[in-house]
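# Coordinate analysis (summary)
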Amino acid sequence: AALGAVFNFTAVYLQSLGLTSGLFFVFYSTTNVICRFWGGGLSDRYGRLIVIVPNLLVFALGVLLYYFTNGEILLGLSAGLIGIGFGLSNPAILAMVLDRSTPAEQGLAIGVFNFAFQAGMVGTTPIFGFIAEHWGFGPMWLISSACILASAAVFLLPAPRLPTAD
């Protein structure tokens, strides 16, 4: 949901502030790519939750800072935090999905994961558009950040027991 808000509303939001979305996406994409190359295997070494939860918090902080953006410094910092948070949490979440799938289910699991991810981005866009139109971008960024915090909290819940092949 939050990444959909970032991707779909950044250009209009930054234009309203007199800033350019090009700068945002240069910082976001650069940090995202670097994090995926550098940190893609962190969850293999340290554990899925150790990577997922803190980086979802970084992602949420980046979106929260977006609320306060008033110039290029906060724009770059926000974009970098969003890139780092998403760039490190997403591969670890996908790895967790694969961990919880049998080899025969892994293709389906990746497909369902990607479908759910895209559906979340697309499905929440009208909601965030309504919020931005009626209450402004600030509340939209706050709610987006809260969505990320809620997802981080879900990862702190006890994992469901997986069926065993007895």
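Residues numbered from 1 in each chain as written. Predicted model: local features only at pLDDT ≥ 70, side-chain atom pairs only at ≥ 80, totals over all residues. Heavy atoms only, no water.

## Looking at the side chain of Ser 43
- Tracing the sequence through the fold places Ser 43 in helix H3 (residues 42-46).
- Here the side chain of Ser 43 touches Arg 48 through a polar contact of 2.9 Å, side chain to side chain. (Helix = DSSP H or I, 4+ residues; strand = E, 2+ residues; numbered from the N terminus. Polar contact = N/O pair within 3.5 Å; in protein donor to acceptor, adjacent residues only side chain to side chain.)

## Considering the environment of Asn 70
- For Asn 70, the position within the fold is in the loop between helix H4 (48-68) and helix H5 (72-99).
- Spatially, the C-alpha atoms of Asn 70 and Leu 14 are 9.0 Å apart, while their sequence positions differ by 56 residues.

## Here we look at the packing of helix H1 (residues 2-16) against helix H7 (residues 137-155)
- The contact between H1 and H7 brings their axes to 11 Å, and the two run at 160°. The pairing of H1 with H7 is recorded here as roughly antiparallel in orientation. Seen from above, H1 lies across H7 with left-handed handedness. Contact residues: Ala 2, Ala 5, Val 6, Phe 9, Thr 10, Val 12, Tyr 13 and Ser 16 in H1; Phe 137, Met 140, Trp 141, Ser 144 and Ile 148 in H7.
- The class makeup of the residues in the contact of H1 with H7 is 10 nonpolar, three polar and no charged. (Axes fitted to C-alpha atoms, helices over the stretch in contact; angles between N-to-C directions. Parallel < 35°, antiparallel > 145°, perpendicular 65-115°, else oblique. Left-handed = near helix turned anticlockwise from the far one by under 90°. Contact = heavy atoms within 4.5 Å. Nonpolar A, V, L, I, M, F, W, Y, C, P; charged D, E, K, R; others polar.)

## Some remarks on the environment of Met 140
- Structurally, the position occupied by Met 140 is in helix H7.
- Classification of Met 140 by relative accessible area gives buried; the value is 0%.
- It is 8.5 Å that separates the C-alpha atoms of Met 140 and Tyr 67, two residues lying 73 residues apart in sequence.
- Contact partners of Met 140, with chain neighbours within four places excluded, come to Ala 5, Phe 9, Phe 128, Ile 131 and Ala 132. (Buried < 20%, exposed > 50% of the residue type's maximum accessible area, 1.4 Å probe, protein only.)

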